[in-house]
Amino acid sequence: MSDAATAILGVERSAGGRRWRSREGDARLGLALAQRYGLPEVVGRIMAARGVGLEDAAVWLDPTLKALLPDPSHLKDMDRAAERIARAVRSGEVIAIFGDYDVDGATSTALLLRLLESVGGRVVTYIPDRMTEGYGPNAPALLALRRRGAAVAVTVDCGITAFEPLEAAAEGGLDVLVVDHHVAEPRLPRAHAVVNPNRLDDDSPHGQMAAVGVAFLLAVAVNRLLRDAGWYAGRPEPDLRQWLDLVALGTVCDVVPLTGVNRAFVAQGLKVMAQRGNPGIAALADVARMSEAPEAWHAGFLLGPRVNAGGRVGEAPLGAALLSAPDYATALPIAQRLDAWNTERKGIEAVCLEAAIAQVEAGELHDGLVYAASEGWHAGVIGIVAGRLKERYNRPACVVALEDGTGKGSGRSVSGVDLGSAVIAARQEGLLVNGGGHAMAAGFTLSADRQADFRAFLAERIMVQAGPGGPVAELGLDGTLQPRGATVELAASLQRLAPFGSGNREPRFALPAARVVQADIVGEDHVRCILTGEDGGRLKAIAFRAGGRPLGQLLMQRGGLPLHIAGQLRVDRWQGRESVQLIVDDAAAVT
C-alpha cells in the first residue's frame, strides 16, 4: 500500500528516503497481554504486533533453552556427525576445525575447540586467510591438515558449496563434517556428514540459526553420545551452558533473526557474557571500554567489529584465538591487537566508502541495485561498505574489489530480496567463479569482464522478487510519542522485549511536529540534539553518523521549524544518573 492515508504522519518520503508505516498490532490482544503479564499497555501492543499470542507470551518474555532448544537429532546427518566426532575423541584421533574468518566462524571454532579440549579430544584449528585463500575450505589446506595427522575435519560456517575441495579431501582420506547454515544447492558436497538446517532436503523449522547455533546443537549431540558411552565415568562432564556467550555473540553478529531458539541463545548467552567467564570476551570488553551489562547491541557494534577486524584487514586466526584463549593474560594482548586492526579497518573503510558513494552517485540507480567496483579497494572491508551503501540507498548493494582481472565481491540485502539465492543462481549460470550466502548477505568471486552480465542478472532477480523499481524502502514504527511520555520507566519497560535485532527490531516511535532547539556535531560525525514537542517537554537525542547526510542536514538546518522525528528510546547512564535519550533513525519535514 502506498497512499498517504496509510503512512504514519503522512510521511511518504523521509530524509532517509523511506515511507513510514505502522507496525502496530491488534489493540485488544495487546491490552490482554498487558493485563495478563503485568506490562504497560504499549509493551503489550508491541508484542501483539510481533505476532506474540497469549499462550506463547510467557516463553517469549523469558526465552529459555529448556523451552526452545530442539533435539539436535532432528537435523539430517546430525547423528552421523556426532557419532564420528565422539568416536574420534574416544580413539584419540586428531580432529581439525576449519572455520570461517568472521565472527560466526570464530565463535563456532572456539565453541567446538573448547568442547573437544574439555572432553579430552585431540584438536587443531585452521582459519583461512581472506586475501590469499578466500572464503571457505580449500584443498591445499585440508590436505595439509591430513598430513598433520587429522582424521576428521569439521568445517564451520562454510563448506556447503565447496564441492571440489571436499572431493579432494575425501580422496585424501579425510572424513569431512560440514556444519553450515548458508543456502544450499540440490547437490551436496562429498562429505561424511552435512549438517545444515537449510539443506533443501531438511524440513527443520530452525533455518534461522547462525552456524554457531548449529555448532552448539552438534556439541549437545556429541556430549550426549559421550555420556551414554560412559566417557564421563572418570572425568567431569562439561556444562555446555558456559559457552552460550559464544553462541550469543555469533548469532547477533551474523544478523540472523532473533526468533525461536535464537532468542533463547542470545537472551541466555548475554547473561553468561555478563559473568565474564570467557577470558577473550572479557578482555575485548575491557579494550572496548564496555562498562555496562552486555546487550545485543554491545555484541553487534562493540565486540563483533573487533573480532572481525583480524579476518578483514589483519591476521585471520586472531578472532578464534581470542575467543578460545585459556586466561585473561593470554587474551589481553590479542584483544589489543584486534582493537588496533579495527582502528586501521575504519580508516580503510572510510576511503573505500567515499569512493564507492562517488561512483554510485555518478551513475543512475535504475535497476533496484547498488553496485560499485574498483581496483585498489581492500577486499576485507567491502562487506561493510556494501552494508553502508544498503543503508544509504535502501536497496541491495554489492561492492567488488578488483585485482589482476578478478573481482572479489560482497553484497548486503534488504527485506524481501534473497540475495544469497540470487548469487548462487548466478554461479550456476556460469557468471561467477564462486559464490554463496544467505538471504541478507552474500559473497562471490568473478572475472572482471563478466561484471555487466552479473549485474544485469542480479537486477533481473531483484525485479522478480521486489517488483519494478526495486524494493520500496519503509521504516516501521510502533506508535507516536510526545517528549514528556519518553520516560526512563518506559525505556526500561521496553527492555522486556529484548534481545533486539533482526526479526525482533527495537521498538521505534515517531515524535510528531517536534522542534530542534539545539544541535551540534559530536564524535565521528554524530548529530546531538535537544528536541521539544507539542506538549512542551524536552528530550535529548542523537543521530549517529548523520553529519553531512540528508538526516543530519535536516536536524541542523531547520531553524526551529517542526519535524516529525523517528527513533528508539535508550536509558543514558552517566555518573550514576539515569536519563532517557532518543536514538534518531529518521526525520521528515512537517507538510
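Owing to the predicted nature of the structure, the values given are computational and were not obtained by experimental measurement. (Residues numbered from 1 in each chain as written. Predicted model: local features only at pLDDT ≥ 70, side-chain atom pairs only at ≥ 80, totals over all residues. Heavy atoms only, no water.)

Let's shift gears to the overall build of the protein. The helix and strand tally for the protein stands at 20 helices and 17 strands. In terms of overall dimensions, the protein has C-alpha extents of about 75 × 55 × 45 Å along its principal axes. Here the protein holds 591 residues, and 55% of them are scored as buried. Look at the contacts in the protein between residues 6 or more apart in sequence, and 65% of them connect residues 24 or more apart. As presented, the protein carries roughly 24,300 Å² of accessible surface, and 50% of it is formed by carbon and sulfur atoms. Charge-centre separation for the protein: the mean point of 61 positive side chains lies 3 Å from the mean point of 68 negative side chains. (Helix = DSSP H or I, 4+ residues; strand = E, 2+ residues; numbered from the N terminus. Buried < 20%, exposed > 50% of the residue type's maximum accessible area, 1.4 Å probe, protein only. Contact = heavy atoms within 4.5 Å. Areas by Shrake-Rupley, 256 points an atom, 1.4 Å probe, with all protein chains shown as cover. Lys, Arg positive; Asp, Glu negative; His and termini not counted. Charge placed at Lys NZ, Arg CZ, Asp CG, Glu CD.)

Turning our eyes to something else, we now look at the packing of aromatic side chains. Following the criterion strictly, the structure yields three aromatic pairs and no others. The interplanar angle of 75° and the centroid separation of 5.7 Å between the aromatic rings of phenylalanine 216 and phenylalanine 265 together place this pair among those described as edge-to-face. Taken as a pair, phenylalanine 216 in helix 9 (residues 211-228) and phenylalanine 265 in helix 11 (residues 261-274) lie far apart in primary sequence, 49 residues in all. Look at phenylalanine 216 and you get buried, because its relative accessible area is 3%. The ring of phenylalanine 163 is capped by arginine 187, whose NZ or CZ atom sits 3.9 Å from the centre of that ring. Residue placement shows arginine 570 over the ring face of tryptophan 297; its charged tip is 5.6 Å from the ring centre. (Phe/Tyr/Trp six-rings, centres within 6.5 Å; stacked < 30°, edge-to-face > 60°. Lys NZ or Arg CZ within 6 Å of the ring centre and 35° of its normal.)

Once that is clear, we can look at the sheet that holds strand 9 (residues 406-412). With mixed pairing, five strands are arranged side by side in an open sheet as 7-8-9-11-10. Two strands lie at the open edges of the sheet, namely strand 7 (370-375) and strand 10 (434-438), each paired on one side alone. Strand-to-strand twist of the sheet, defined as the mean angle between neighbouring strand axes without regard to direction, takes the value 15°. With six bridges joining them, strand 7 and strand 8 (residues 397-403) adopt parallel strand pairing. Bridge assignment links tyrosine 371 to a residue of strand 8, and that residue is cysteine 398. (Pairing = 2+ DSSP bridges. Axes fitted to C-alpha atoms, helices over the stretch in contact; angles between N-to-C directions.)

As paired strands, strand 14 (residues 526-532) and strand 15 (residues 538-543) are joined by six bridges and run antiparallel to one another. In the sheet register, threonine 532 faces strand 15, and the bridge partner there is arginine 538. Following strand 14, the chain reverses through five residues before pairing antiparallel with strand 15; glycine 536 in that reversal takes a positive phi of roughly 85°. Strand direction decides the pairing type here: strand 15 and strand 17 (residues 577-589), joined by three bridges, are parallel. Bridging across to strand 17, isoleucine 542 finds its partner in isoleucine 583.

Look at helix 9 against helix 10 (residues 244-253): their axes get within 8 Å of each other, and the N-to-C directions meet at 155°. With respect to helix 10, the axis of helix 9 lies roughly antiparallel. For the pair helix 9 and helix 10, contact is made by Val212, Gly213 and Phe216 and by Leu244, Leu246, Val247, Gly250 and Thr251, respectively. The residue makeup of the contact of helix 9 with helix 10, split by class, is five nonpolar, three polar and no charged. (Parallel < 35°, antiparallel > 145°, perpendicular 65-115°, else oblique. Nonpolar A, V, L, I, M, F, W, Y, C, P; charged D, E, K, R; others polar.)

Right, let's talk about helix 11 for a bit. Its 14 residues place the ends of helix 11 20 Å apart at the C-alpha level, agreeing with the 20 Å of an ideal helix rising 1.5 Å per residue. Of all 14 residues that make up helix 11, 12 are buried, and the element is covered over most of its length. Taken together, the buried positions of helix 11 are Val261, Asn262, Arg263, Ala264, Phe265, Val266, Ala267, Gln268, Gly269, Leu270, Val272 and Met273. In this structure, the buried side of helix 11 is in contact with helix 3 (57-61), helix 4 (65-68), helix 9, helix 10, helix 12 (279-287) and helix 13 (296-313). Two residues or fewer past helix 11, arginine 276 is found with a positive phi of approximately 55°. (Expected span 1.5 Å × (residues − 1).)

Regarding helix 20 (residues 550-557), the residues found buried are Leu551, Gly552, Leu554 and Leu555. What you see down the axis of helix 20 is that its buried residues fit within an arc of 160°, all on one side. On its buried side, helix 20 packs onto strand 13 (509-522), strand 14, strand 15, strand 16 (563-574) and strand 17. (Arc of directions from axis to C-beta.)

On to the nonpolar core. Ile85, Val154, Phe216, Leu218 and Leu323 are the most contacted members of the largest nonpolar core, which totals 83 residues. With 11 residues, helix 9 is the largest single contributor of residues to this core. In contact with valine 154, not counting residues within four places along its chain, are Ile85, Ile95, Ala96, Ile97, Phe98, Leu112, Leu177 and Val179. Within the second largest apolar cluster, 41 residues are counted, among which are Met47, Val52, Leu481 and Leu554. (Core = buried A, V, L, I, M, F, W, Y, C linked by side-chain atoms within 4.5 Å.)

Structurally, glutamate 403 can be placed in strand 8. In this structure glutamate 403 comes out as exposed when scored by relative accessible area, which is 53%. Along the chain, glutamate 403 and tryptophan 377 lie 26 residues apart, while their C-alpha atoms are 8.8 Å from each other.

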